[in-house]
Amino acid sequence: MATKQAHAEAARAERSEELLSPSELFHARSRSHKIPVRGQKEFLPTGSEQQKTHLQKSLQEHWTLVAEERVERLGNLVNAEWIPEEKLVKLQSPAGKFWQTMGFSHCGKQCLLPEEALYLMECGNVQVFYQDLPLSIQEGYERFLSPETVTLHQYQVFGHLKRLGYVVNRFDPRQNKQLKRKRSHSPGSRSCEKQTSIPQEDTAVGPCEDVLTGEPHQTIQSKKEQDEPMDSGSHVDRAPERNWWTAASSQSRSMTGLPAALPWDFRLISFPDLGSSRAARTCLAAPDPELLPGALQVGECKMASWLTKLNLKEEKLSRRERERQRERDRYKRSVNDDREVRRCTNWAEYLELMKKRRRQRCKERPAHLWEKDVTPLSQPGLCTSHRELLEEVSIIQSSHLLEEASKLPQLDQWRIIFNVYQPDTVADFKKSHPGNPYTRMCVCSFDGPVPDLRVMKQLSFQSADIPVTFAVVDHGDISFYCFKEFKLPSDFY
Amino acid sequence: MDCERPAEDHGTRQNGGAGEGGEAAGAESEGDRERSREPRVNISLVGGTPLLWRAGDIRRVREEDGVVGALVGSLARQPRQNVRLGRPLEILQEEASLLLERGRAAVQHTHNQEDEESHVKAVEAYQSRLEHSYEEQCVLALEDKKAVLQRVMNAKQNDHTCDEGTEQAMRERLSSLQKGFTLPRSAMAVQLCTARAGFGHCPEEAAFLAADWPMPRDERSETRFRVYRDLRGRGFYLTAAGKFGGDYLVYPGDPLRFHAHFIALCLSMVEQLPLCDVLAVARLGSNVKKTVLLCSPRDSGVEGEVVYSSLQWSGMV
């Protein structure tokens, strides 16, 4: 029992040790605000008197700084209350300058997140009460920091960045997904958004025969085109609708809301015939209004009138030009002279023809290379550029960081916790429109695992365009690392 | 290894009587009973990390146990800079384990339950303390202002520049000050406590449970702890060395004044270290001009010795 009492007394004595008397409080205003500079360190302890006095002096300075307590004018302090049920701190008096970059309004009251409140407590700007008693910094650390709010390591990173002047706020993964949808402008994704409207328009427009494939097309054509007066000659060939891009992409509707890759179906891209005798009767279809800016409307284009305006004047060449022309004619053939080329009706067929010709050129293949089980990946002459050749011989396809990142499941141990904005934007910073952050922070420690590719893919995907920085906390020291994507060049000039 | 025992060791020697290694035993000896009467250092746990909050505790553990730690909070004098930080002091898991083992520290429990009555009393105590402080500060402020005025008067008298009129005016000001001066409440100075204050949310009797260390020790932390204890016992100061790719930075004297000599890596005797890791750490050590120490505790017994090997980069000349 005696020891228990002694304990209690000692504890009480210890507790009141750190409370300042009123006179100490009053005279704190004349305390120095300077921090003594630390001198150079020495290499070997020699036990000399000089070293001992230096050490004592350094230590004494150190203890003075460490033991100093925070004393503030009551008028400069903003009062607040800790609400553990909501894990928030509600302000009871109006906020000061810090309101420009920290805090938020909730149900009419000004609130602070726990890490913001704790930082402001450490700066001596805010006094937080709980059940009518002021919280000490220690109690702030113990009550505000938890895995549900912000851990100690994360708070250390927060404090470090705030002290350097950055604006730091919490990252909300839900915000980003909205931004993505607003950003996409490509026609493919717009048709994805218009998914619900397509079936309605289909019923209004009759099917239009595709000359090439003979299949009925889904058209997203406005009614206006149908109402256009037809040419007197009903034999006008209607060029097939130019909507190979929309048809293809609407077939590959993806559910993620990301702009889908546009697979162009080359079978559907046809060449309008404008040069032959039948050209006068051709009629170019109107472009898809989706591709036109604003309310611009372009109707069909009848070629007859245009063709009459071509080739009206005879070209008079100078003698030198005529000579050059002769040279060209002797050695160069027009591509269209080739009967096989004329037989091609679209790009795909043309490319096939070229490929076939190239292969025929390299018909002689050495037996020791081509007759065995393992054959070369490519032949000389088959490829026309370095990039093609590298693609032919590549075994591992190169990828990019965000490929298939959306399909990865959510992570539990790794999460982006903060958005960090540059210090020089503080003057114009608006909490309602913060703009894009400079970087996003993910906090880890040297004891934990190194982030692997999967983690990096997921975090980069969550972060959209903003680079992710990893803050590694080791016993008070913080190091920052970030990974940058790099593509090996594949074409050489 | 040639090293000198710093004077700090005498503190524990006086109390213990036994050698450094024998203190771990929980035997009831004269030293133990004496030590148990000493006020123990409070370790506060936040998310598994041990922190020290009281300036007195931080000083004691450095002077008597050679525990250096790292300050991780804002400095009270200048909170908006990162060059010099303030309380709390974050200590290594091994340092906390050693302090608990020696009975020098105890983990502070945060009791949230508190009966209505003692809470009401605590609030009353706080309010009365605040009032008392305000009254005292009013008096002090008045004294301060009178002293300033007096000094001005004396200065004027010494200069012989004033006449009856101004002297009278000054005396009038002095008396009006005496009667009418009040310190506005907003000008009162208030303390924002760093460590848990006397009137607080924890009950009168804090629970000191020395054996209640929440961290389970796996093989790796056991190895680290043994190496720490051995190096500390030899008088070296140790801090964390994550930035240097090792486990500890070993200083021959107080880190405030001396550079570190070694980077210690803790490995178990049977652990296999790939050669490229050895090369990497040796290269790092030579770049920062510190010797790399590979430390392994010998398995023989609980108090087994630790084997050290140092890496030196050399060439065939």
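See the structure shown above.
Predicted model, so just to flag it, every value in this text is computed and none were measured. (Residues numbered from 1 in each chain as written. Chains lettered and ligands numbered in written order. Predicted model: local features only at pLDDT ≥ 70, side-chain atom pairs only at ≥ 80, totals over all residues. Heavy atoms only, no water.)

Looking at this structure, I do not really get the overall build of chain A. What am I missing?
Within chain A, the regular secondary structure consists of 18 helices and 15 strands. Within chain A, the fraction of its 493 residues that count as buried is 35%. Counted over contacts in chain A with a minimum sequence separation of 6, partners at least 24 positions apart contribute 60%. Of the roughly 32400 Å² of accessible surface on chain A, 54% is carried by carbon and sulfur atoms. (Helix = DSSP H or I, 4+ residues; strand = E, 2+ residues; numbered from the N terminus. Buried < 20%, exposed > 50% of the residue type's maximum accessible area, 1.4 Å probe, protein only. Contact = heavy atoms within 4.5 Å. Areas by Shrake-Rupley, 256 points an atom, 1.4 Å probe, with all protein chains shown as cover.)

Got a minute to help me understand the sheet that holds strand S5 (residues 109-112) of chain A in this structure?
What holds strands together in a sheet is hydrogen bonding between their backbones, with the strands either parallel or antiparallel. Residues and elements named next belong to chain A. Strands sit in the order S4-S5-S3-S2-S6-S7 across an open sheet of six strands; the sheet is mixed. Strands with a single pairing partner mark the edges of an open sheet, and in this sheet they are strand S4 (104-106) and strand S7 (133-134). Of the strand pairs in this sheet, strand S6 (residues 126-130) and S7 are connected by two bridges, and their pairing is antiparallel. Within the sheet, the bridge partner assigned to Tyr130 lies in S7 and is Leu133. (Pairing = 2+ DSSP bridges.)

How do you make sense of a positive patch on the surface when you look at a structure like this?
All names here are of chain A. Together, Arg320, Arg324, Arg328 and Lys332 make up a positively charged patch on the protein surface. Its location among the elements puts Arg320 in helix H13 (residues 319-331). Residue class for Arg320 comes out exposed when judged on its relative accessible area of 64%. (Patch = residues over 30% accessible without salt bridge, like charges linked within 9 Å, V, L, I, M, F, W, Y side chains within 5 Å. Salt bridge = Lys/Arg side-chain N within 4 Å of Asp/Glu carboxyl O. Lys, Arg positive; Asp, Glu negative; His and termini not counted. Charge placed at Lys NZ, Arg CZ, Asp CG, Glu CD.)

I tried to follow unusual backbone geometry on my own but got confused; where do I start?
Trans is the prevailing form of peptide bonds, just as negative phi is the prevailing case for residues other than glycine. With an omega of 15°, the peptide bond running from Arg87 of chain B to Pro88 of chain B counts as cis. One non-glycine residue, Cys107 of chain A, adopts positive backbone phi at about 50°. Looking at the secondary structure, you find Cys107 of chain A in the loop between S4 and S5. Judged by relative accessible area, Cys107 of chain A falls into the exposed class, the value being 70%. You will see that Ala464 of chain A, though not glycine, has its phi angle at about 55°, which is positive.

Can you help me understand the interface of chain B and chain A in this one?
Accessible area lost upon the coming together of the parts serves often as the stated size of an interface. Taken together, the contacts link 90 residues of chain B with 80 residues of chain A. Viewed at the interface, chain A and chain B are joined by six salt bridges. For Glu142 of chain A, the salt bridge goes to Arg196 of chain B, with nearest N and O atoms at 2.5 Å. For the interface between chain B and chain A, the tally reads 37 residue pairs in polar contact (both at pLDDT 80 or more). For the side of chain B that touches chain A, the elements supplying multiple residues, two or more each, are strand S1 (41-46), strand S2 (49-52), helix H3 (55-65), strand S3 (70-73), strand S4 (86-90), helix H5 (116-159) and strand S6 (189-192) of chain B. A class-by-class count of the residues in the side of chain B that touches chain A yields 40 nonpolar, 27 polar and 23 charged. Here four bridges tie strand S1 (residues 70-73) of chain A to S6 of chain B, and the two strands are oriented antiparallel to one another. The residue bridging Arg70 of chain A from the neighbouring strand is Leu192 of chain B, located in S6 of chain B. (Polar contact = N/O pair within 3.5 Å; in protein donor to acceptor, adjacent residues only side chain to side chain. Nonpolar A, V, L, I, M, F, W, Y, C, P; charged D, E, K, R; others polar.)

What is the right way to look at the environment of Val167 of chain A in this model?
Residues and elements named next belong to chain A. Note that Val167 resides in strand S8 (residues 167-170). In the structure, Val167 is positioned 252 residues away from Asn419 in sequence and 8.2 Å away in space, judged by C-alpha atoms. Apart from the residues lying within four places of it in its own chain, the contact partners of Val167 are Thr101, Asn419, Val420, Tyr421, Val426 and Phe429.

Please explain the packing of H5 of chain B against helix H6 (residues 164-180) of chain B as it appears in this structure.
Working note: a packed helix pair is described by the angle between its axes plus the distance between those axes. All names here are of chain B. Interaxial distance between H5 and H6 falls to 10 Å at its minimum, and their mutual angle equals 175°. Classified by the angle their axes make, H5 and H6 are roughly antiparallel. Here Leu142, Lys145, Lys146, Leu149, Gln150, Val152, Met153 and Gln157 of H5 come into contact with H6, specifically with Glu167, Met170, Arg171, Arg173, Leu174, Leu177 and Gln178. Here the contact of H5 with H6 is built from residues that sort into seven nonpolar, three polar and five charged. (Axes fitted to C-alpha atoms, helices over the stretch in contact; angles between N-to-C directions. Parallel < 35°, antiparallel > 145°, perpendicular 65-115°, else oblique.)

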